[in-house]
Amino acid sequence: MSKLLFEKNVPGSNAFSLPPCDVPEQDIAIPAKFLRQTEMALPELSEVEVVRHYMALSHQAYGVDDGLYPLGSCTMKYNPKINEWAVRLPGWSCLHPLQAPETVQGALELMYETERMLCEIGGMDAFTLQPAAGAHGEMTGVMIIKAYHQHRKDERRKKILVPDSAHGTNPATAHVMGYQVVEVKSNHRGLVDLDDLQAKMNDEVAGLMLTNPNTLGLFEEDIEDIARIVHEDGGLLYYDGANLNAIMGVARPGDMGFDVVHYNLHKTFSTPHGGGGPGSGPVGVKSFLSDFLPQPVLIKEKDGYRLDEDRPLAIGKIHSFYGNFAVVVKAYAYIKALGSAGIREACQYAVLNANYLRCKLKDYYEIPYDRLCKHEFVATGRWQMEDNGVSTLDIAKRLIDFGYHPPTVYFPLIIKEAMMLEPTETESKQRLDDFIAVMQEIAREAREEPRQVLEAPHNTPVLRVDEVQAARNPVVRYDKS
Ligand SMILES: *Cc1c(COP(=O)(O)O)cnc(C)c1O
């Protein structure tokens, strides 16, 4: 473990030098109760020591710029550096959110064009860029669904249907919005069970939340039947677009019958994520729902762009100012750099890479749904568990020793010992082969020398952490005593 800054303390050092004060000092009496009674316990260090400290910490972290990051369901795709150049341009980075709209027409134009491109990619009619993440987009989308039913005085709808393979944010969103969550079963092929859907769909259901391809990386082939069943009983279809990377440029949720969608710009459109954001989860709707979009709504007029705040049916405001504008600039740069052919190609390579990996690993790890997948697939550590007591968690830890970020593990919940792999489109065949060789080696170790895997990781600064303790009882504060 590296030392904390406090433990590196060198009394008398400092890392700043302030210019002389150029305004008259004021003699303001601060009430005694606000005055500090003891010295502030800050470490004293020179600039060079502070820089070295944080450099050392950064070397212990792992990101998409370090290597393959096969974290399924998260689309940890490469972020081209030109996006960073674009967002740092002073014309964007020096704007203030309180500037008058007529002084930020360029920014509004970029937002408007991004909305139009997102409409085109998804087959939707209108978008809002306000939501700050996928989960926030879900909340916005379900608020729109709720507002739609309420506006029609259709008050019976108290339920939202969610497949058992769904990402946890889907049922959480429905619950937070006051709906009763009803789970729809998956069939033996890992897809929505149409009979179960039909049985649970009725005029008390506000809508179905669905990811396509689903969290198993499988395309919901019956999507038109699903849409028909939900619509026939007056429900709406919500598209969780976290997996849009797998179909962008090839198929569109709007054409499949979805009424409301969210995208995760920080997944599909290559804006960085992890570490808590900032992200962006724009929400798109079909035209019959556009009046319910949160305000302000961006409007293009003859003499420029305007933010419309006067929308009686709007669900309200769901983010301050313009949403996470910088994230939108990066997504815009990404889409423009690729163009429509490039967007399609990125999707096709993501799917090709996932299928290559699946085929090369299937003799070594169980693949519960072993058929053509989209951008990701689920393998398991079940063989290793049953034969040698090596769990998926052990395999994930062992990958760290070989310099890889582990895949998503124990998700989706309906599959035992699941590991969910998503290589993304930017990995070459050579780098995929390197990873495959490591996965095969770990499978051999699990058979022949299981302790190597059971005791992994062997060469990280921290070995196995007590994850339950860390989550329940996080220690995030330095205690000097
Ligand atoms: C990532 C993800 C979400 C949530 O998105 P955030 O941007 O992390 O809030 C929802 N659904 C699925 C399927 C996801 O993969």
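All values reported here derive from a predicted model rather than from experimental measurement.

Conventions we followed
Residues numbered from 1 in each chain as written. Predicted model: local features only at pLDDT ≥ 70, side-chain atom pairs only at ≥ 80, totals over all residues. Heavy atoms only, no water. Helix = DSSP H or I, 4+ residues; strand = E, 2+ residues; numbered from the N terminus. Rg over C-alpha atoms; globule rule 2.2 N^0.38 Å. Buried < 20%, exposed > 50% of the residue type's maximum accessible area, 1.4 Å probe, protein only. Areas by Shrake-Rupley, 256 points an atom, 1.4 Å probe, with all protein chains shown as cover. Lys, Arg positive; Asp, Glu negative; His and termini not counted. Charge placed at Lys NZ, Arg CZ, Asp CG, Glu CD. Core = buried A, V, L, I, M, F, W, Y, C linked by side-chain atoms within 4.5 Å. Contact = heavy atoms within 4.5 Å. Phe/Tyr/Trp six-rings, centres within 6.5 Å; stacked < 30°, edge-to-face > 60°. Near = heavy atom within 4 Å. Polar contact = N/O pair within 3.5 Å; in protein donor to acceptor, adjacent residues only side chain to side chain. Nonpolar A, V, L, I, M, F, W, Y, C, P; charged D, E, K, R; others polar. Pairing = 2+ DSSP bridges. Axes fitted to C-alpha atoms, helices over the stretch in contact; angles between N-to-C directions.

Student: Before we go on, may I ask you to explain the overall build of the protein in this structure?
Tutor: From N to C terminus, the protein includes 16 helices and 12 strands. Relative to a compact globule of 481 residues, whose C-alpha radius of gyration would be 23 Å, the protein shows 25 Å and is just as compact. Counting only C-alpha atoms, the protein reaches 75 × 70 × 45 Å along its principal axes. Put simply, the protein has 481 residues, and 48% of those count as buried. Total accessible area on the protein stands at roughly 24,200 Å², and carbon and sulfur atoms take up 54% of it. For the protein, the centre of its 49 positive side-chain charges and the centre of its 66 negative side-chain charges are spaced 1 Å apart.

Student: Help me out: how do you make sense of the nonpolar core in this one?
Tutor: The tendency in soluble globular proteins is for nonpolar side chains to be buried as a group. Counting residues in hydrophobic clusters, the biggest one holds 54 residues, and the most contacted among them are Leu197 and Phe269. Residues contacting phenylalanine 269, with those up to four places away along its chain left out, are Leu118, Ile121, Leu244, Met248, Tyr263, Asn264, Ala331, Tyr334, Ile335 and Ile343.

Student: What is the right way to look at the environment of leucine 5 in this model?
Tutor: Within the element layout of this structure, leucine 5 appears in the segment before helix 1 (47-60). Given the relative accessible area of 17%, leucine 5 is considered buried. Considering only alpha carbons, one finds leucine 5 and leucine 45, 40 residues apart in sequence, at a separation of 8.1 Å. Not counting residues within four places of it along the chain, the set of residues in contact with leucine 5 comprises Pro43, Leu45, His53 and Tyr54.

Student: What should I look at first to understand the packing of aromatic side chains in this one?
Tutor: A ring pair, where both rings are aromatic, is described by two values, the distance of the centres and the angle of the planes. The tally for this structure, following the rule as stated, stands at nine aromatic pairs. Both rings, one in tyrosine 112 and one in tyrosine 305, keep their centres 5.3 Å apart while their planes meet at 55°; by these two values the pair is tilted. With tyrosine 112 in helix 4 (residues 105-122) and tyrosine 305 in strand 9 (residues 304-308), this residue pair connects regions lying 193 residues apart in the sequence. Grouping residues by exposure puts tyrosine 112 and tyrosine 305 together as buried. These aromatic residues form a ring-pair network of at least three members: Phe127, Tyr263 and Phe269.

Student: Honestly, the environment of alanine 15 in this entry has me stumped. Any pointers?
Tutor: Among the secondary structure elements, alanine 15 is positioned in the segment before helix 1. Relative accessible area serves as the criterion here: at 39%, alanine 15 is assigned to the partly exposed category. Taking the C-alpha atoms as reference, alanine 15 lies 65 Å from isoleucine 229; in sequence the two are 214 residues apart. Discounting residues that sit within four places of it in the chain, alanine 15 has contacts with Leu45, Ser46, Glu47 and Val50.

Student: Even after reading the chapter, I still don't get the site of the ligand, so can you show me in this structure?
Tutor: Close to the ligand lie Ser73, Ala133, Gly134, Ala135, Glu138, His167, Thr169, Asp240, Ala242, Asn264, His266 and Lys267. Contact between the ligand and histidine 266: an oxygen atom at 2.6 Å from a side-chain N or O atom of the residue. Within the complex, the protein chains bury 87% of what would otherwise be the 380 Å² of accessible surface of the ligand. Counting residues per element, the ones that place at least two in the shell around the ligand are helix 5 (134-151) and helix 10 (265-268). The leading source of residues in the shell around the ligand is helix 5, at three residues. Taken together, the residues of the shell around the ligand break down into three nonpolar, six polar and three charged.

Student: When you look at the side chain of glutamate 445 in this model, what are you seeing that I'm missing?
Tutor: Within the secondary structure layout, glutamate 445 lies in helix 14 (residues 429-448). The class for glutamate 445 is buried, based on a relative accessible area of 3%. Leaving out residues up to four positions away in the same chain, glutamate 445 has contacts with Arg398, Phe402, Pro450, Gln452 and Val453.

Student: Help me understand the sheet that holds strand 5 (residues 236-241) in this model?
Tutor: Sheets are built from strands paired through backbone hydrogen bonds, the pairs being either parallel or antiparallel. With mixed pairing, the seven strands of this open sheet are ordered in space as 1-7-6-5-4-2-3. The sheet is open, and its two edges are formed by strand 1 (126-128) and strand 3 (180-184), each paired on a single side. On average, adjacent strands in this sheet sit at an angle of 25° to one another, irrespective of strand direction. Two strands pair when backbone bridges link them, and strand 1 and strand 7 (residues 283-285) are joined in this way by three bridges, in the antiparallel orientation. Note on strand 7: the bridge partner recorded for threonine 128 is valine 283. Against the sheet, helix 4 contacts strand 1 and strand 6 (260-263), and its axis sits at roughly 125° relative to strand 1. Together, strand 4 (205-211) and strand 5 form the strand contacts of helix 8 (residues 223-232), whose direction differs from that of strand 5 by roughly 135°.

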